[in-house]
Every structure is written in C-alpha cells, then in structure tokens.
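Topology and contacts: notes
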Amino acid sequence: MSWEFNIPVCVADLVKPGGMGQYVVQDVQMPKDLPSCLKSFKAAMRSQGPLCILEHFDTVYSVLQGFSVALPSLLLSGSLSAVDRRHHLNAVKMGVFLLCKLTESLESDSYRQSIVTAPGKGSKKSKSGSEGMVQWDSERYTVLLSLTQLLQLDIRPLWSLSLVEEEFVSCVTCCCYKLLENPHISHVKSKPARDSIIHLLGVMIKKYNHMLGARVKVIQLLQHFEQLAGVCAQAVASWSSEFGIKAIVGEIMREIGQKSSEELSREGSGVRAFSGFLSELSTLVPDVMIPNVSVLLTHLEGESPSMRVAVCEVLGEVLVRVLSGDKLEDSARADRDRFLDTLQEHIHDTHSHVRARVLQVYTRIVNSKALPLCRYTEVMELAVGRLGDKSVNVCKSAIQLLAAFIAHNPYSCKLSSADLRKPLDKEMAKLKEMKDKVKEKTPGEPPCNVAVPLTETQVEEHPPTSTQIQMEDILDDGELKKQEMLVQYLKDTESFALQVERTISIINNLLYWKTTTVVQEAVQFCVTVCEFSVADSLSGVRKMLPLVWSADTSVKESVLHAYKRLYLNPQGDSTRAKAQTLVDSLSALMVDASLGTIQCLEEIVQEFFGCDGVLQSSVVQVLWERFSGKRETSNLHRRAAVLLLGMAARAEREVILSNLDTLCSVALEENVTEDYLLARDTVLSICNITDHVRQSKASPFRLPMDHQLFSYIYLWSPVLGVILTDPQWQSFMEQAVRLIYFLSESPDVLCSHLLQRSTRLLLEQINENREKNKLLSLCGCVAFWQVSYLERSVSTELRRRRGEREQKEEAKGPESSNDSCMEEELGLTGASAEDTEAELIRKICETELLSDDNLLRVFVPVLVKVCSSPGHYPHPQLTTAACLALSQYMMISPGMCMDHIRLLFTVLERSPLPIVRANAIIALGDLTVRFPNILEPWTPNLYARLSDDDSSVRLTAVTVLTQLVLKDVLKVKGQVSEVAVLLLDPEPHIASLALNFFNELAAKDNAIYNLLPDIISRLSDPQRGMNEEDFNTIMKQLFSYITKERQTESLVEKLCQRFRTAKTERQWSDLAVSLSLLSMCERGFKRLQECWECYSDKLTEPGVYQPLLSIAAKLRRGAKQQFKVEKCPYVPLFKLLPQIFWSPYEYNSLLLPCQVDFCQVLFMFIKYFSLFLDAVMQESETPKVTTPISRTSRRTRLRH
C-alpha cells in the first residue's frame, strides 16, 4: 500500500485529489447501494479483522471496537514492521476521523431537531423526532467510551518518532468541544457524557500535548457560551486534580487576568461567564489558585462589577478553605491579612451588587470560623454601617452577616453585657491581687558573704534550692499569664456584647421596611439575639409582633414561625417541664407589655391553644396554679397568667367559663382594691368568652343580671373605687363597664344601678377636698358603651331575628306569600328593613338617652359647668375627666354634638394641660368619623394642633389626622403643610410619623401632586418665617414623590404662574428652588421656556438665577443626543445676567466700572439678547402664554 491517510480539515476534502501518495475517496456510494456494501463490510470484518477498513472505508461504529481488541497486544509486543505500523496507523486515523465526524454530524442534527420539535404552549413533542434524540443520547456515551479506550492506549509509537500530528489531536478535541456546546450538557441527565468528555480531554492534554489548545478553547467557550461556566470549571478542576495538570489553572487565570476593561466591556455575556467560572473554580481547587491570585487582583480596579465579584469570591474561598486556622506560616498569614484587607475595602464598593456579594463572602467566612478575632470589631462596624445602604440586597446581606457574627461567636452562648460585668470585675480584682503579690516578692535573702548561725533543726531540714525557687517563679508567671488571658477574654466578650446591643436598635427600625426580604432578615436577627439572651433583645421581639397583621403573607409567616421557635417549642424532659418553660417565656414577654402588644400576641397564642394536645392541657393547668396562688409568684406573673388564660378562652370558651368562680373569688372580691390591675386583666380575660370577640352568628351568649359575676362587680369593684385614690381604678372601671355591656342581659339597668350607688356613696362621704372626677369618668364611660350597645348588639340582634323570621316564612311556602308582600310594601324586609332598624336606633339615641327621665341627663350640666369654668375647677384630674366624659356624651346624637362642639374646641385651644388637649384631639377624631358634616368647618382648628408647644399633643394630632386623611374621612387640603413642617420636628418619632404620612399619601393617585403648589405657598409665606434651609429640606422630600413626566410638566407651569402673584424676593427664591428640585424632563424644560415671561423679570435675584441655572446644568449632563440644552437661547442668557447686574460688586476687576448707568446696562442686555434671537420671530417662537392686563373701570377712576 503506497498511499497514506491524512486527516483532512473538512469531510469534503477526502473526495478532492491531494498530493502524491495521499488517500482519496474514489467511489461515493448511493443510498440504495449502502445495504449491500454494509453486508460485504461485515463479511470482510469477520475475515480480515480491523484492517478491513483499508478497503471498506465506511461509517460503522463497531470498526473501532474491532481493532481496539487487537491493537493493545500489537502495541505491547513492540515488533511492528514499518508496513504494519503504517497499516494500523491509517486504520486508527481513519476510524477516529469517521467516528468524530459522524459524532459531530449527529450532534448537530440532534440539536437542530430539538429546536424544530420543541413543544410550544399546549402542544406535544413529535414522537419520531423525540425517539431519534433519545437513541442518539444513549449512543453518545458509547462513542465517547470507545474513543477514551483507544486514546488511553499508548498509540504514539504508531507515528514516526512518536510525534502525534496536530491534525489528529485537533480532530478528537474538536469533537469533544462540539459536544460541550450542547445546551443540555450541564444537566444532571448528561453527567455520564459530560464526565467522559472531560476525561477524554484530560487524556489529550496529558498524553498528546493539548494544554495550549485547551487553554485557548476554554476561553473561547466562556466567551460564547455563558452556560458552560460551571462545566469548564469542573473540567479544569478535574484536569488539575485527577491528571496532575496544575499548570493549566494558572494559564487560564493569567489569560483572564490579562483581559482589559475595554475587552470585557465589549464581551457582555462573556464577562458573566468568566465571573461564574472563577467563582466555581475557587470552590473546587482553591489551593491551586493561590499562586496565581495576584494576576486577578487587577480586575478589582476595573469597571466590571461582575469581575470584582468573582475576584472577591475567589479570595473568600481561599480564606475559608486554605488560609484558615491558627497553624499558618508567616507567609500564609501575610496573604490572609492582605486578602482580608482587600475584601474590607470593597464593602464600600461603588456598585451595590459588589457590596452585597462581599458581605455574603464575609458571612461565609464567619460561618466557617475563618475570621481572626482581631478583626471582629472592625468588620462588625463596617456591617452596621451598611444597614443604612440604599440597596435592599446590601442591607439584607448586612443583617445576615451580623446574625452570623452572633450565631458563631467564639465568646459565649449568653451575650448579656450586664451578666458579663460581674465576672469581669471579679477576675480583674483577682488579677490585681496577683500583680500586687508579684510586686511584693522582691529578693529578701541575706547576702552570701554574711555568716548566719544555723540551729540544729535548720541543719536537719533540707533548705530550698535555687532550682525550686525558679520553678515557683515560673509557675507564678504562668498563673499570671492565664489570669491576664482570662481577663482579656472577658473584656472582648463584653465589648462584643455591647456592640451587638447597639446594633439591635438599628435593626429594629428595619422591621417596618417596605421590602419583604429585609423585614424577614430583621425578624430572623431578632430571633437570633433573643436566643443568645442579648440585653434589650425583647424590644425587637415585641416590636415585630404587630407584623402578624401584615397583609404580606410571607412577613406574617416569618413572624409566626419566629414566635413558635422562641416560645411555643419549649425544651424539657417532661410535659410538665415543657409547660413550665413555655409559661415562663410567655410571661416574660407580657410583663409591662402594652395593650396593643397583648392583642397581637393573642393571634399567636390562640393558634397554639386551638390544637388539642397534652402540652396545651398542661399549660392551662400551670396558668391556673399561678393565678390562684397555689404556687408562689409575683403579681406581674399572676396578671400574665390570667391574660394567657383569656387568650386560651378565645379558642375554647370553657377554659374561662368553667372557672368563673375562681376568677371572681381571686380577683373581684373584697381584695379587689388591693390590685386593680389584676382585676382589670381578669375582666379582659372574661371578655374573651363573649360574642363580640368570637364573632358568633348564633343566638347571643349573655348571662343573667343576677349572675354572681355582676354581683361582685356591683358590690365591690367600680363603686368602691369612686371613694378611693387608686390611680389604676380608671382602667379597671372602663373594662368592667365594657364587660357588663358585652355579657349582661340587661346592661342598661345594671349600669343605672351602678351609677346611682356610686353617686350615693360619693355624696355620703364627700367633703371639701373630695373631687368628683371618678364619678364623671364613670358616667362618660356608661354613655359611650350605651351607644355602642345599641348600635352593635341591639342592631345585630334585630337583624338576626329578622333573618330567622324570613327563613321561617320561606319554609312555610306559598301560604305566607300575601303576608310577605304586605311586609315588603311596608318596608319591613330587605334593605328597607335595615334602614328602618337604623332609624329606630338613631331615634332612641336622639330622644331617649338624654331625655329628662334618663339618669345620663343629670350629669350633662355638671360636665358643661366643669369644662366651661376651669377657674372654678382647677383640679387637673377633674378637668381631664370632665372633658373626656363630655366628648363621650357628644357621641350620642348630632344635637348633643352641635350644642357643645364650640366648647370642646375652646378647651382644645385654651386648656393649659397637655393631657386635656391630647384627649380632646382623640375625641374630635372620633366625632369626625361619626358626624363628618358637623366637624368639617372646624378642620383648620384640628390642623392647628400640629404646631402645639407640647410634643405629646403634636404626636397625638399627627396620629389622628393621619388616620382621618388616609381613610378619606377628611378631605386633603392645603393645611397638610402643617404636617410637612413636622418632617423637621425635633422629636424623631413625630418626624417619622410625618414621613410615614406622606409615604402613604403618595400611594393615592396624584394626592401630593395636587397639594404641592398650596404647600409651597403656605410654607413660603413671609408671616410664617421659615428659614430657607428648612424649606429646602421639606421640599426635597415632597418632590421625591413626583416621578411622572406629565406631573412634572404641569407643576412647572403652575409654579411659573405663581411667580406673578409672589410679592417678596424670598417667595421668588422658594419657587425657583422648587423648580430646581423637580426631576426635569425634556417636556418640562420646554414648558419652562414657554413660561419665560413669568419669571424673566426676577432673574436679577441670585436666589432665582442660581436654581434655574442648575436646571440647565443637570439637563446638560443627562440630556439625550437629540435634545441639547445648549441650543436654548436662555442658557447663555442665564450666564450673562450675573455679569451685567452683579458686576459692580462681584466682577469689578473684569467687567464694567462700579458707577454704571442703568440705561447703559439695559442697552447691553438687549444688545446681547439680540445675538440669540432673530429679528423676525417665527410662528413656533411666538409666546403662547400672555400676561393679562388688569384695567379699572371708569366708575372706579371717577371715584378716586
């Protein structure tokens, strides 16, 4: 055989005549002739073996397997003649070439078929196409396994001088890279094929000198196929670890490190692929990457944030996996410190994504305990600083890092600085004593040359040697060092605990962010600090409790899970121990908790008690033992126990109902006067069995008037408090009256008896110093709940009875059709019946509750007298009670409200007591909801309280007005400017409420946009006297809500028109500043040009000129290519004005002399202006806004 088979560049080259002795395909078989050719090939295969490929150059996979059995023995024998060597070499090359090219063709067809037959929405895959793809997917691994078996043999002796030609290597590797381009190669189902390709390429690199080509090809794959980042990283890591080719890691890293910022900016997806590749590679072989990390550090100064992230993640993996521990060498420790410094610098990176990922890297480092203790304080301070970052991801990552610091801290499982202080003081005192002993231990032995006579006893004893003395000194030094280390450890622990405590207050403020993920991380942080017993950790746990009412389901679930984890999953050896732990933890949470906190906690505890179980029963038993006093406990824990029992009663009424005797005897008997707070909490718990709490639609659950519960209340509770001085009686009385109206069958009769007995008892013991404030509070409370009873309980009962009656009539059938028709005509069914019932309730309130024969009427003159004569009744408590009771009486009817509304507003404005003014604001808010038409003319008086001197009154006013405005009870008017002023209130809580008001108001369509012109006019009013800095701060916040171009355009016109009505220079300046705060768009700037005449005569004022010039500067920086601000004739005119009008004072060295005639200046102005405007104005330049000229009538001129 004189020819030689050369692997061609492409398949088509085989049919082209080549050089001398080169194999050329002579006969291309037609498809119909292939079956016969295959049969002959099979026969030749059986007779000749693998060498039959020399005569039958065909595409059969079994060819390679056939000669791969015989080839190893031939290669091992070493006795190949030149002719045999050439035969086998050609067979290998021809078989490999055919197999590789056929593989590439099948892979291309498979990929093309997968695109064509890809199912759309609602369609199915083609069955024939999918079968072909599945068949090739199963054969792909077989092909790769065959190639691997061949190339793992040492076939290099088949070539002369054992130099494998580059074309052969390229043929195999190109096939492998072609397979890697498959979009599904990274899927789990492709793992066998993927591993085979990686192994085959490793063999080519190891045995066939393919490292240079592999480096170039990996870079190319990353540039064009972003999804191959993980596959390439896996391949490079495999070549480095399994084949020992560590140099390829450095080669690829250097290739990526040499990429310039310009090249990276052009590649796009390639940058993301490089980033993912480096990050994935660092998790696989971080130790191999350390020698070449320096080549990547140049990207930290580049413009690509993705590359900065990748380098930081590489540093993080190296720090966690390699440069961690205490046994590092000096060079490794230096590298560790250098890498940590680099990471710390990028916590303040310019790109938010980089900042967030660096914080995540630090979180991994802390979780792995790879951060040196000396850096804890510094990194924690940096993380706390990122809590105020504008980026949500950065803030979330900072919270995660701080939580990791606490969860994996090396100091203590309890981080309470108060508890750490005592052992620290004790050990410091001990250290001081040890140091004092060391100082006292000075050499006191006599000199060596002095002879000291010894006694017999001293001679017999063994004197201490110098070695023993040295050992004692060494032991003392060791103990001293141990004590110093212990003191230093306690100091570090206390410092860490204090740093965590300072962080808590910051993160607690993030619990009410609008971003769900930040809130969830803040909740998780609060749980972590609570588990480590950090001081003041309960503040965050309590603050997140109202989030159980959140509309966001994920936030609500996070809070519920947090409380279950902290309180409802106790640890203990027995059920009794678990119940005791659960009660202790819940009681600690409820001590000194507000009423709102208790209401929120009810939602969580109710769900726990709603599940029947042994633990729930044990918890109820422990609570009853605490409340009844069977176990010694404090009054605070007794109150917590009865409140928890009330929460359990919301799920199961019998918990309270079956033990009413115990509740009454313990808290509502003669000893009620000893602890009114316990009595109040008991009454609150009993209220949980009523229908008002349970929202029952069945027949109302009420107790008879002679029930022992009401007997206790009538005999001992509110009545005795009237003549006592206990300040807690007020809250108990309100809850007792509420319970009577919720649970009694005849609450009005019982409360009437209660008022009569209280009045009689007060009159019997009254003297000159006795005040009537408690009696007035009682009558006001009765009046309020009487109205509530009529409008809620009575109305609901009427509706329920009507529904039952209608159901009975429907059940009777057609017999009652005539009666029902008559009731419909009389308005006794449906909506007409509801209106009739509502009218009945309203009539009772207006005519009967305050009639002359009603007991409530007796107290009206007393209330009016006390409120209108503060000089005669100066007692603060009496005035407070009278004003509150009068407002409750005004809730009864519109007539009562109309008669005394002026008196209540007089009290609001003139009362010297802040508590009276605050109560009046709350009462007027309720009256506004109930009688909006009566209160509407008095709205300015309510807004006036926003500027009250007392902070508590301002706080109450902004809270009430926020609710009224956001619920659309009050119309939003220009008085909202008073709320805007509170954005700068010295009290942070008031300022945050004002900010929240505008945040919620901005959610309403165009609300702030409609109010802004009036707010600006009111705040810039000279009579208000607001300084410019405060005005600018308020306007900056308000204009941040204007985001639509149409709103901006309209506001520009409105503000420009107000230049004409503004009278002072300060008003002009405020309007100009407001214009500059708008996010000016192209349309807005054109509207500003159209309104030139409105403000052109004001441009001589610096306060007007500078803000307007800043608008042009901002537009010039961010203008589009088709919109150039420089083309506007007003911009150079703006630049000219200061030189004309201010030159005598600011530019005298450059321009006109100081004494200049105004006419000359005006002439220069007109001359310069003519350079920018043509003599004849075009139609588009004609002013569209004309200035109206006001004319006086002839009669007016004659009069003057």
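Residues numbered from 1 in each chain as written. Predicted model: local features only at pLDDT ≥ 70, side-chain atom pairs only at ≥ 80, totals over all residues. Heavy atoms only, no water.

Stated formally: UniProt positions are given in the numbering used here, feature names are shortened, and annotations may be inferred rather than shown by experiment.
The protein goes by Condensin complex subunit 1 in an unreviewed UniProt entry, where it is assigned to Denticeps clupeoides. Regarding the protein, the UniProt comment filed under Sequence similarities (unreviewed entry) reads as follows: "Belongs to the CND1 (condensin subunit 1) family."

**Focus on the overall build of the protein**
The condition that has to hold: Secondary structure elements are defined from DSSP: runs of H or I of at least 4 residues count as helices, runs of E of at least 2 residues count as strands, and each element is numbered from the N terminus. Burial here depends on accessible area, computed with a 1.4 Å probe over protein chains only, as a share of the maximum for the residue type. Under 20% is buried, over 50% is exposed, and the range in between is partly exposed. When checking whether two residues touch, look at their non-hydrogen atoms; a contact exists if any pair is within 4.5 Å. Throughout, the Shrake-Rupley method with a 1.4 Å probe supplies accessible areas, and for residues the shown protein chains are the sole cover considered.
Of the regular secondary structure elements, the protein holds 58 helices and zero strands. By the burial criterion, 46% of the 1200 residues in the protein qualify as buried. Taking the intrachain contacts of the protein between residues at least 6 apart in sequence as the baseline, contacts between residues at least 24 apart amount to 72%. For the protein, the exposed surface amounts to about 62700 Å²; the carbon and sulfur share of it is 52%.

**Re the layout of surface pockets**
Quick reminder of the rule: Think of a 1 Å grid over just the protein atoms. A cavity is a set of points where a 1.4 Å probe fits yet cannot get out, a pocket is an open set with protein on both sides within 12 Å along at least five of seven lines, and lining residues have an atom within 4 Å of a point. Grid points are joined across faces, edges and corners, and a volume is the space filled by probe spheres set on the points. The classification used treats Ala, Val, Leu, Ile, Met, Phe, Trp, Tyr, Cys and Pro as nonpolar, Asp, Glu, Lys and Arg as charged, and all other residues, Gly among them, as polar.
As a volume, the largest pocket reaches approximately 1300 Å³. Forming the boundary of the largest pocket are 50 residues, of which Gln 730, Met 733, Glu 734, Gln 735 and Leu 884 lie nearest the centre. Only α25 (595-609), α27 (635-651), α30 (676-686), α34 (729-743), α36 (773-812), α40 (876-890) and α42 (914-930) provide two or more residues apiece to the lining of the largest pocket. Of the residues contributing to the lining of the largest pocket, the split by class is 24 nonpolar, 16 polar and ten charged.

**A closer look at the packing of aromatic side chains**
Threshold: Note on ring pairs: Phe, Tyr and Trp rings are taken, using the six-membered ring of Trp, and paired if centres are within 6.5 Å. Classes follow the plane angle, with under 30 degrees stacked, over 60 edge-to-face and the rest tilted.
Under the counting rule described, the total for this entry stands at ten aromatic pairs. With a centroid separation of 6.1 Å and 75 degrees between ring planes, the pair formed by Trp 624 and Phe 627 is classed as edge-to-face. Residue Trp 624 and its partner Phe 627 are both found in helix α26 (residues 614-628); the two are separated by three residues, about one turn of the helix. In this structure, Trp 624 and Phe 627 share a single accessibility class: buried. Between the aromatic rings of Phe 742 and Trp 785, the centroid separation amounts to 5.6 Å while the plane-to-plane angle is 85 degrees, which identifies the pairing as edge-to-face. One end of the pair, Phe 742, is in helix α34; the other, Trp 785, is in helix α36, with 43 residues separating them in the sequence. Residue class for Phe 742 comes out buried when judged on its relative accessible area of 5%.

**Description of helix α41 (residues 894-910)**
Formally: Multiplying 1.5 Å by the helix residue count minus one yields the expected span of that helix.
For α41, with 17 residues, the first-to-last C-alpha span of 24 Å sits near the 24 Å given by 1.5 Å per residue. All of the buried residues along α41 are Met 896, Cys 897, His 900, Ile 901, Leu 903, Leu 904, Phe 905, Val 907 and Leu 908. Here the buried face of α41 lies against α39 (860-868), α40, α42, α43 (932-935) and α44 (939-944).

**Structural notes on the state of the cysteines**
Joining two cysteines, a disulfide is a covalent bond between their sulfur atoms. We count it as follows: Criterion for a disulfide: a pair of cysteine sulfur atoms within 2.5 Å.
For the structure shown, the criterion picks out zero disulfides. Sulfur of Cys 530: no disulfide; nearest cysteine sulfur belongs to Cys 526 and is 8.9 Å away.

**Overview of the packing of helix α5 (residues 166-180) against helix α6 (residues 191-207)**
The cut-off we apply is this: For helices, the fitted axis covers only the stretch in contact; all axes are lines through C-alpha atoms, and the angles between them, taken along N-to-C directions, range from 0 to 180 degrees. In these notes the angle categories are as follows: under 35 degrees is roughly parallel, over 145 is roughly antiparallel, 65 to 115 is roughly perpendicular, and the rest is oblique. Helix crossings get a hand from a simple test, with the near helix turned counterclockwise from the far one by less than a right angle marking a left-handed crossing and a clockwise turn marking a right-handed one.
Interhelical geometry of α5 versus α6 gives an angle of 155 degrees and a closest axis separation of 10 Å. Taken together, α5 and α6 sit at an angle that is classed as roughly antiparallel. Considering only the axes of α5 and α6, their crossing is left-handed. Touching Val 169, Val 172, Thr 173, Cys 176, Tyr 177, Leu 179 and Leu 180 of α5 are Ile 197, Leu 200, Leu 201 and Met 204, all from α6. Considered class by class, the residues forming the contact of α5 with α6 number ten nonpolar, one polar and no charged.

**Points about the nonpolar core**
Going by this rule: Joining through side-chain atoms within 4.5 Å is the link that ties buried Ala, Val, Leu, Ile, Met, Phe, Trp, Tyr and Cys residues into a set, and such a set is a nonpolar core.
Trp 239, Phe 277, Tyr 889 and Phe 998 are the most contacted members of the largest nonpolar core, which totals 322 residues. Ranked by residue count, the leading element in this core is α36, at eleven residues. When neighbours within four sequence positions are excluded, Trp 239 is seen to be in contact with Ile 198, Leu 201, Gly 202, Ile 205, Ala 214, Val 218, Gly 244, Ile 245 and Ile 248. Core analysis: the second largest hydrophobic core is formed by five residues, Leu 424, Leu 431, Leu 480 and Val 487 among them.

**Quick notes on the pattern of salt bridges**
Applicable threshold: We count a salt bridge whenever a side-chain nitrogen from Lys or Arg sits within 4 Å of a carboxyl oxygen from Asp or Glu.
If you walk through the whole model with that rule in mind, you get 41 salt bridges. A salt bridge links Arg 308 to Asp 349; the shortest N-O distance between them is 2.9 Å. Of the two residues, Arg 308 sits in helix α13 (residues 305-321) while Asp 349 sits in the loop between α14 (330-345) and α15 (352-367), which places them 41 residues apart along the sequence. Classification of Arg 308 as buried rests on a relative accessible area of 6%. Asp 349 gets classed as buried once you look at its relative accessible area, which sits at 8%. The salt bridge involving Arg 1087 is made with Glu 1053; its shortest N-O contact spans 2.6 Å. Placement of the pair is Arg 1087 in helix α52 (residues 1082-1090) and Glu 1053 in helix α50 (residues 1045-1061), with a sequence separation of 34 residues. Through salt bridges with shared partners, a single network forms among Arg 215, Glu 251, Arg 254 and Glu 255.

**Describing the packing of helix α7 (residues 211-224) against helix α8 (residues 229-241)**
Orientation of α7 relative to α8, taken along the N-to-C sense of each, is 160 degrees, at an axis distance of 10 Å. The angle between α7 and α8 falls in the class roughly antiparallel. Crossing hand, α7 versus α8: left-handed. Along the contact surface, α7 presents Ala 214, Val 218, Leu 221 and Leu 222, while α8 presents Ala 229, Cys 232 and Trp 239. The class makeup of the residues in the contact of α7 with α8 is seven nonpolar, no polar and no charged.

**Some words on the environment of Pro 183**
Considering the arrangement of structural elements, one finds Pro 183 in the loop between α5 and α6. Its relative accessible area of 29% is what places Pro 183 among the partly exposed residues. Spatially, the C-alpha atoms of Pro 183 and Gln 227 are 7.5 Å apart, while their sequence positions differ by 44 residues.

**Some words on α40**
Over its 15 residues, α40 runs 21 Å from end to end, which matches the ideal 21 Å to within 8%, given 1.5 Å per residue. Among all positions of α40, only Leu 878, Thr 879, Thr 880, Ala 881, Ala 882, Cys 883, Ala 885, Leu 886, Ser 887, Gln 888, Tyr 889 and Met 890 are buried. Structurally, α40 contributes buried residues whose contacts are with α36, α39, α41 and α42.

**Examining the environment of Asn 999**
If you trace the backbone, Asn 999 turns up in helix α47 (residues 988-1002). For Asn 999, a relative accessible area of 24% gives the class partly exposed. With 39 residues separating them along the chain, Asn 999 and Leu 1038 place their C-alpha atoms 9.5 Å apart. Residue contacts for Asn 999: discarding those within four places in its chain leaves Lys 514, Gln 1037 and Tyr 1041.

**Observations regarding the side chain of Gln 1067**
Turning to its location among the elements, Gln 1067 is positioned in helix α51 (residues 1065-1077). Overall, Gln 1067 belongs to the buried group, its relative accessible area being 16%. Among all residues touching Gln 1067, those that are not within four sequence positions of it are Ser 1020, Asp 1021, Pro 1022 and Ala 1062.

**Let's talk about the confidence of the model for the protein**
The following threshold applies: Across the chain, each position has a pLDDT score giving the predictor's confidence in that residue, from 0 to 100.
Scored by pLDDT, the protein comes out at a mean of 77, with 78% of its residues at no less than 70. This stretch, residues 125-129, has a pLDDT under 50; its non-local contacts, to residues over four places away or in other chains, come to five contacts.

**Remarks on unusual backbone geometry**
One non-glycine residue with positive phi stands out, namely Asn 209, at about 55 degrees. Residue placement: Asn 209 occurs in the loop between α6 and α7. Assessed through its relative accessible area of 68%, Asn 209 is described here as exposed. Phi at Asp 968 takes a positive value of approximately 60 degrees, unusual for a residue other than glycine. Tracing the backbone shows Asp 968 in the loop between α45 (951-966) and α46 (977-981). Looking at Asp 968, the relative accessible area reads 58%, which means it is exposed.

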